[in-house]
Structure formats: C-alpha cells, structure tokens
Amino acid sequence: MNIGLFQFAPRRGRPDENAALLEDALRASSVDLLIAPELATTGYLFLDRGELADVAEEVPGGPTAARLARACRETGRAIFFGIAERAGDRLYNAAALLTADGACVIYRKAHLFDTETLVFDRAGASTSFASIAGTNIGLMICYDWRFPEVARLLALGGADLLAHPSNLVHPHCQDAMITRALENRVFAATVNRFGSESVGGVTVQFSGRSQVVSPLGERLVTMGPEEEGVRVTAIDPALARDKQVTPRNHVLEDRRVDLWGALLNDHRSAG
Ligand code: ACM
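Residues numbered from 1 in each chain as written. Predicted model: local features only at pLDDT ≥ 70, side-chain atom pairs only at ≥ 80, totals over all residues. Heavy atoms only, no water.

Draft legend 1. Highlighting the pattern of salt bridges. By the definition in use, this model includes 17 salt bridges. Across the salt bridge formed by Arg 14 and Glu 17, the nearest N and O atoms sit 3.5 Å from each other. Under the relative-accessibility criterion, Glu 17 is labelled partly exposed at 36%. With a shortest N-O distance of 2.7 Å, Glu 74 and Arg 27 are connected by a salt bridge. With Glu 74 in helix H3 (residues 63-75) and Arg 27 in helix H1 (residues 15-28), the pair connects residues that are 47 residues apart, well separated along the chain. (Salt bridge = Lys/Arg side-chain N within 4 Å of Asp/Glu carboxyl O. Buried < 20%, exposed > 50% of the residue type's maximum accessible area, 1.4 Å probe, protein only. Helix = DSSP H or I, 4+ residues; strand = E, 2+ residues; numbered from the N terminus.)

As structure tokens, then:
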C-alpha cells in the first residue's frame, strides 16, 4: 500500500483555500491513502468558540468533505485529514477518512490539548478503524499519542497502520511514536504541520518533521521542519501482522493483563 504524507501550513480561517490545497495534493499524488495534518481545513488557533463555529463544517455534508469526496471518487484514492466538525450545536476536533467508493469515517479526537479545551466539545467514543487496499488503519489525532492505551487499543483491534494527523508543539512526539510502533509492532504515520499562528496573545510554533515508522521502529520517511509537500512510501501490512519479537515472545499475547487491573481505575486510587 502506498501512503502519502502531506505536510503543509494550513491558512488560518480559510477552509476554501485549504480544501483546494488538499485536493491538489490528492490529485497530484500516486497513493492509496493521503494523510494530512490535524485541523487542516481551518488552522489551529481560534479566538473563541464563535470564531471556530464560523469555520466548522458538517461531515460529510459540508463543502470540504463534498469537494474531497468527489476527488477521491475521480482519482480512486482515499484521504484522511483533520477538520473542525460541526454536529448540531457540537464542535469537534475531528478527522475524516474519505474513500474512493464513497465511504466516510469520522474520528473525533479523544484527548483535547491545552486551548482546544476552551473551544471544542469533548468527544465520546467514535469510530477509529478503517480498511484501505487490504491494510487496516487505526485513527488517532495528535495529543492522543501521549496515551499509550490509544495505540494499544488500535493494535488490539487489528490496526496495521496508525494514521496520526497532528499539529505538534512539543518536541517529543516524533520520538515517542517510535515506541508506539515498536510496542505494538505497527506502522505509524504522523503527519504534522509547520509554521506558526498567533491569536489573542497566544503564539504557537509547529514542528513539521512528519514521519513514517515501521513495526521494527525504523523511520522510513522523515520530513524537514519546514518542508512543504507530499512524501510517499510503500508499506506492507504483513510486517505489522507478525507480532513475534522472538520465537517465544508475542508482543500482544505476552501482556500481563492479570497484573494490570489498576489501569482501569482513576489515577488517584491506583496502588
Ligand atoms: C496537539 O494535540 N495539537 C498538540
């Protein structure tokens, strides 16, 4: 399966321009799946919930999803991109996976980061699996990386590839995703944006360095901190389905869940 990483700097508050950039990248790239950053349609910072509401869209009914769904049908490709989603009076930091046969899977970010908590609604459980070209995809967004349970649950559900749109501001995620890939024996594609945004006295600098990591922890692709464009790499899901670390060690079957009951408790009551 060929995956493409589209690293760019979304134009804040300009969904039409960003949708055009996403569509151009999809049409120009020979991929089964193109992955774009978190909140690729709107940019990251919002002055307040009203400003977010002005640029949020229904998915798949809104203009960006409609435009990209058409491009997916016409090219035979799929795209997974971050979007500010409006669902009734709710606003979610979400990502939509649109496929060539017209399917739309929406994942809503489980763990909101910093000022996101001021403007977005907290999501409940949402769909986090899809399948493209024989590869099982597990969906997560940015700060979800800091919770190893997210990647583990995706691996337990059969994901071969973690698809991870991001707007990273701290420097640790790209290294941590090597561990997420190794501890689950899955591919991990983190697609980050670059550039900066300043709104209402808050400035955020994004770190680029989008990457694909193999189930053996090797970086197959590393983009530059300000590199713009698409990088394509081929991945073989069979590698992610081999969970043997040694002939006697299976990375999922070796788990000692009999010792891990406290994981389900509130952190203050754990041991
Ligand atoms: C983040 O979750 N955008 C850091």
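Still more ground to cover, so stick around.
Draft legend 2. Spatial organisation of unusual backbone geometry. Between Val 59 and Pro 60 the backbone carries a cis peptide bond, its omega angle lying at 10°. Structurally, Pro 60 can be placed in the loop between helix H2 (49-55) and H3. Its identity is not glycine, yet Cys 142 carries a phi of approximately 30°, on the positive side. Judged by its relative accessible area of 5%, Cys 142 falls in the buried class. Backbone geometry at Arg 185 places phi at a positive 50°, although glycine is not the residue there. Topologically, Arg 185 is positioned in the loop between helix H6 (173-184) and strand S9 (187-191). Take Arg 185: its relative accessible area is 11%, and that puts it in the buried class.

Draft legend 3. Just a nonpolar patch on the surface, in detail. Among the surface-exposed residues, Val 257, Leu 259, Trp 260, Leu 263 and Leu 264 lie close enough to one another that they form a single nonpolar patch of about 570 Å² accessible area. Within the element layout of this structure, Leu 264 appears in the segment after strand S16 (249-250). With a relative accessible area of 79%, Leu 264 lands in the exposed category. (Patch = residues over 30% accessible without salt bridge, like charges linked within 9 Å, V, L, I, M, F, W, Y side chains within 5 Å. Areas by Shrake-Rupley, 256 points an atom, 1.4 Å probe, with all protein chains shown as cover.)

Draft legend 4. Main features of H3. Its 13 residues give H3 an end-to-end C-alpha distance of 18 Å, which sits within 8% of 18 Å, the value for a rise of 1.5 Å per residue. All buried positions along H3 are accounted for by Thr 64, Ala 65, Leu 68, Ala 71 and Cys 72. Buried residues of H3, seen end-on, are gathered within an arc of 125° and therefore sit on one face of the element. Facing away from the buried side of H3, by more than 90 degrees, are the exposed residues Pro 63, Arg 73 and Glu 74. Check the buried side of H3 and you find it contacts H1, strand S3 (78-87) and strand S4 (90-98). Two residues or fewer after H3 comes Gly 76, characterised by a positive phi angle close to 75°. (Expected span 1.5 Å × (residues − 1). Arc of directions from axis to C-beta. Contact = heavy atoms within 4.5 Å.)

Draft legend 5. Spotlight on the packing of H1 against H3. Running from N to C, H1 and H3 cross one another at 10°; their axes reach a closest spacing of 10 Å. Between H1 and H3, the angle falls in the class roughly parallel. Here H1 contributes Pro 15, Asp 16, Ala 19, Ala 20, Leu 22, Glu 23, Leu 26 and Arg 27 to the contact with H3, which in turn contributes Thr 64, Arg 67, Leu 68, Ala 71, Cys 72, Glu 74 and Thr 75. Class assignment of the residues belonging to the contact of H1 with H3 gives a composition of eight nonpolar, two polar and five charged. (Axes fitted to C-alpha atoms, helices over the stretch in contact; angles between N-to-C directions. Parallel < 35°, antiparallel > 145°, perpendicular 65-115°, else oblique. Nonpolar A, V, L, I, M, F, W, Y, C, P; charged D, E, K, R; others polar.)

Draft legend 6. Structural view of the packing of helix H5 (residues 148-156) against H6. The contact between H5 and H6 brings their axes to 10 Å, and the two run at 35°. Two packed elements cross with a definite hand, and for H5 against H6 that hand is right-handed. Residues Pro 148, Ala 151, Arg 152 and Ala 155 of H5 form the contact with H6, whose participating residues are Arg 180, Glu 183 and Asn 184. (Left-handed = near helix turned anticlockwise from the far one by under 90°.)

Draft legend 7. Quick look at the sheet that holds strand S7 (residues 135-139). Spatial strand order, S6-S7-S8-S9-S12-S13: six strands in an open sheet with mixed pairing. The open sheet terminates on both sides in strands that have one partner only, identified here as strand S6 (129-132) and strand S13 (219-222). Strand-to-strand twist of the sheet, defined as the mean angle between neighbouring strand axes without regard to direction, takes the value 20°. Pairing of strand S12 (residues 211-213) with S13 involves three bridges; the strand directions are antiparallel. Within the sheet, the bridge partner assigned to Gln 211 lies in S13 and is Thr 222. Against the sheet, H6 engages strand S8 (161-165), S9, S12 and S13, with an angle of about 25° to S12. (Pairing = 2+ DSSP bridges.)

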